[in-house]
Amino acid sequence: MHHMTLAEIARGLADKKFSSVELTQTLLARIAQLDPQINSFISLTQDLALSQAKAADERRANGESGALLGAPIAHKDLFCTQGIRTSCGSKMLDNFKAPYDATVVAKLAAAGAVTLGKTNMDEFAMGSANESSWYGAVKNPWNLEHVPGGSSGGSAAAVAARLLPAATATDTGGSIRQPAAFTNLTGLKPTYGRVSRWGMIAYASSLDQGGPLARTAEDCAILLQGMAGFDPNDSTSIDEPVPDYSAGLNGSLQGLRIGVPKEYFSAGLDPRIAELIHNSIKELEKLGAVIKEISLPNMQHAIPAYYVIAPAEASSNLSRFDGVRFGYRCENPENLEDLYKRSRGEGFGSEVQRRIMVGAYALSAGYYDAYYLKAQKIRRLVKNDFMTAFNEVDIILGPTTPNPAWKLGAKSSDPVAAYLEDVYTITANLAGLPGLSMPAGFVDGLPVGVQLLAPYFQEGRLLNVAHQYQLNTDWHTRTPTGF
Ligand code: GLN
């Protein structure tokens, strides 16, 4: 049962091959048995899951249908869940139970999805290895000595290990696409504003975007359908109609113009990954796509710009965690200043503290123009590069990451080495564009992802291209040994 995709589960439930309660019990037992190896969950919600599954079975018995009705999922632990801990991977929020559901959580629950639990993540979504979680590192099911990617490493590892078919995740600089690449999944970061951020604990508000992590593009379409849409509670949510993503999966790729940026294949890219990306290009050419070399000349400035803008926004967003209103509070504070200092010093881990300091520095009088304003100007240049490219091509294709998943601990003492691994993913966040990563092969037994980017609100195009690719390749069907 645990090998089924969301699409297969929907068919099985509709055909009464099994009930949502049976499926939920099977997966909860599997999580209890296997998750200790990978640490992909922070909280399990067995009681909620079983009551949601029972309700979904009743709705089906009463004639209701729907791809998510009775489908088991999990939420990255930064989506607020009423009455259930939402920790953001931090000691700071270890005792935080949100008084309300995030819009994404509420929408998926209304569609009948069953929440099995809350998944592990880098603390406040800062990281790309899932090693900065206060609840311990997550391990990659493909090789338990390697990282699963981050910050949505728990969602990715859980889906890759077949503990459940799909999970929600968020992507500020690659945190859906990079763990998808590292664990052989399909992950989609939607256009900024496509999915509501209400109730999604903020890291960098102008970059954060929620999206689906699953094994196939077909399943990403199903989960995105349940997540996307205008939300008056989020002032950056965009009021654009949501297309039927599943219905849009059958488009021909004949004549599809794919741009391949020459900058993506420069030094720093593992040549074995380059070869797999070229193989996926050939596969898409066979399906009728036309390849064109393009240039994104400002890509080289994206990492420094991102690592000013994201920490700047984080330093502001995280100022609310002061030990007063909610979250961790230090023992016996001597006075107000001591309360602030020790609550934040003890509640936040070192990567979060580093980013708050970098961000506060970049925003301080005297440095604002030199760093923050300059970074915003680069952000515009990065966006302009994409706009120029999309005049000539329909999608852009390249590697998701320059290297496969590294060994646990390999980059933990060198944060900049980890930041450099984000080179291919952060530009989509700076520009607000949708991006997808899908399985493209293996290097030393570790999965490799190919990334597709599209113009604003063309999530459907990305999903269709990925689906056509997956109808003709079988990388996405490979299962890690032991799971
Ligand atoms: N690795 C990037 C960072 O640490 C992106 C994280 C994310 O997308 N949440 O900021």
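Residues numbered from 1 in each chain as written. Predicted model: local features only at pLDDT ≥ 70, side-chain atom pairs only at ≥ 80, totals over all residues. Heavy atoms only, no water.

Taking an unreviewed UniProt entry as the reference, the protein chain is identified by name as Glutamyl-tRNA(Gln) amidotransferase subunit A belonging to Pseudomonas protegens. We quote the UniProt Sequence similarities (unreviewed entry) comment for the protein chain here in full: "Belongs to the amidase family. GatA subfamily." Per UniProt, the protein chain carries the Subunit (unreviewed entry) text "Heterotrimer of A, B and C subunits." (UniProt positions renumbered as here; feature names shortened; annotations may be inferred.)

1. Focus on the side chain of Asp234
Along the chain, Asp234 falls in the loop between α7 (217–227) and β7 (257–261). In this structure, Asp234 is in contact with Val195, Ser196, Arg197 and Trp198, ignoring residues within four places of it in sequence. (Helix = DSSP H or I, 4+ residues; strand = E, 2+ residues; numbered from the N terminus. Contact = heavy atoms within 4.5 Å.)

2. Observations concerning the nonpolar core
Nonpolar side chains in soluble globular proteins tend to end up buried together. Counting residues in each nonpolar core, the largest one holds 107 residues, and the members touching the most others are Phe124, Phe386 and Leu463. Ranked by residue count, the leading element in this core is helix α9 (residues 302–317), at 9 residues. Aside from chain neighbours lying at most four places away, what touches Phe386 is Leu296, Ile396, Thr427, Ala428, Ala431, Leu433 and Leu453. Counting residues in each nonpolar core, the second largest holds 34 residues, with Met4, Leu13, Ala160 and Leu163 among its members. (Core = buried A, V, L, I, M, F, W, Y, C linked by side-chain atoms within 4.5 Å. Buried < 20%, exposed > 50% of the residue type's maximum accessible area, 1.4 Å probe, protein only.)

3. With respect to the site of the ligand
In the vicinity of the ligand, 15 residues are found, and the nearest of them are Thr172, Gly173, Ser175, Tyr203 and Tyr306. Thr172 is positioned such that a nitrogen or oxygen atom in its backbone is 2.7 Å from an oxygen atom of the ligand. Between the ligand and the protein, one listed contact pairs an oxygen atom with a side-chain N or O atom of Tyr306 at 2.7 Å. With the chains in place, 99% of the 290 Å² that the ligand exposes on its own is no longer accessible. (Near = heavy atom within 4 Å. Polar contact = N/O pair within 3.5 Å; in protein donor to acceptor, adjacent residues only side chain to side chain. Areas by Shrake-Rupley, 256 points an atom, 1.4 Å probe, with all protein chains shown as cover.)

4. Describing helix α8 (residues 271–286)
Residue pairs three or four apart in sequence face the same way in an α-helix, which turns once every 3.6 residues. Given a rise of 1.5 Å per residue, 16 residues ought to cover 22 Å, and the 23 Å separating the end C-alpha atoms of α8 matches this to within 8%. Among the residues making up α8, those that are buried are Ile273, Ala274, Leu276, Ile277, Ser280, Ile281, Glu283 and Leu284. Those residues of α8 that are buried lie in contact with β7, β8 (290–294), β9 (395–399), β10 (435–443), β11 (446–453) and α15 (459–472). One or two residues past the end of α8 sits Gly288, with phi positive at roughly 110 degrees. (Expected span 1.5 Å × (residues − 1).)

5. Overview of the environment of Ala167
If you trace the backbone, Ala167 turns up in strand β4 (residues 166–170). The exposure class of Ala167 is buried, given its relative accessible area of 0%. When the C-alpha atoms of Ala167 and Lys97 are compared, they prove to be 20 Å apart, with 70 residues separating the residues in sequence. Sequence-distant contacts of Ala167, defined by excluding residues within four places in its chain, comprise Ala74, Ser155, Val159, Gly211, Pro212, Leu213 and Leu223.

6. Looking at the packing of aromatic side chains
Summed over the entire model, instances satisfying the criterion amount to 18 aromatic pairs. Plain terms: the ring middles of Tyr307 and Tyr419 are 3.9 Å apart, the flat faces sit at 10 degrees to each other, and that makes the pair stacked. One end of the pair, Tyr307, is in helix α9; the other, Tyr419, is in helix α13 (residues 415–420), with 112 residues separating them in the sequence. Assigned by exposure class, Tyr307 and Tyr419 land together as buried. (Phe/Tyr/Trp six-rings, centres within 6.5 Å; stacked < 30°, edge-to-face > 60°.)

7. With respect to the sheet that holds β9
One open sheet holds the 11 strands; their spatial order is β1-β3-β2-β4-β6-β5-β10-β11-β9-β7-β8, and the pairing between them is mixed. Each edge of the open sheet is held by one strand with a lone partner, namely β1 (41–44) and β8. Across this sheet, the average inter-strand angle for adjacent strands is 30 degrees, counted without regard to direction. With 3 bridges joining them, β1 and strand β3 (residues 114–119) adopt antiparallel strand pairing. The residue of β3 that forms the bridge with Ser43 is Lys118. Sheet contacts for α7: β2 (72–76), β4, β5 (186–189) and β6 (210–214); angle to β6, the most-contacted strand, approximately 150 degrees. (Pairing = 2+ DSSP bridges. Axes fitted to C-alpha atoms, helices over the stretch in contact; angles between N-to-C directions.)

8. Quick notes on the pattern of salt bridges
Per the counting criterion, the structure on display carries 21 salt bridges. Between Asp234 and Arg197 there is a salt bridge, and its shortest N-O distance comes to 3.9 Å. Residue Asp234 is found in the loop between α7 and β7, and its partner Arg197 is found in the loop between β5 and β6; the two are separated by 37 residues along the sequence. Here Arg272 makes a salt bridge to Asp444, at a shortest N to O gap of 3.0 Å. Separated by 172 residues along the polypeptide, Arg272 in helix α8 and Asp444 in the loop between β10 and β11 bring together distant segments of the chain. Salt bridges linked by common partners bring Asp270, Arg272 and Asp444 together as one network. (Salt bridge = Lys/Arg side-chain N within 4 Å of Asp/Glu carboxyl O.)

9. Section: unusual backbone geometry
Of note, the bond from Gly150 into Ser151 is cis; its omega dihedral lies within 30 degrees of zero at 5 degrees. Relative to the elements of secondary structure, Ser151 occurs in the loop between β3 and α5 (153–160). Its identity is not glycine, yet Asn39 carries a phi of approximately 60 degrees, on the positive side. Tracing the chain through its elements places Asn39 in the loop between α2 (20–38) and β1. Even without glycine at this site, Arg162 takes up a positive phi of about 60 degrees. Among the secondary structure elements, Arg162 is positioned in the loop between α5 and β4.

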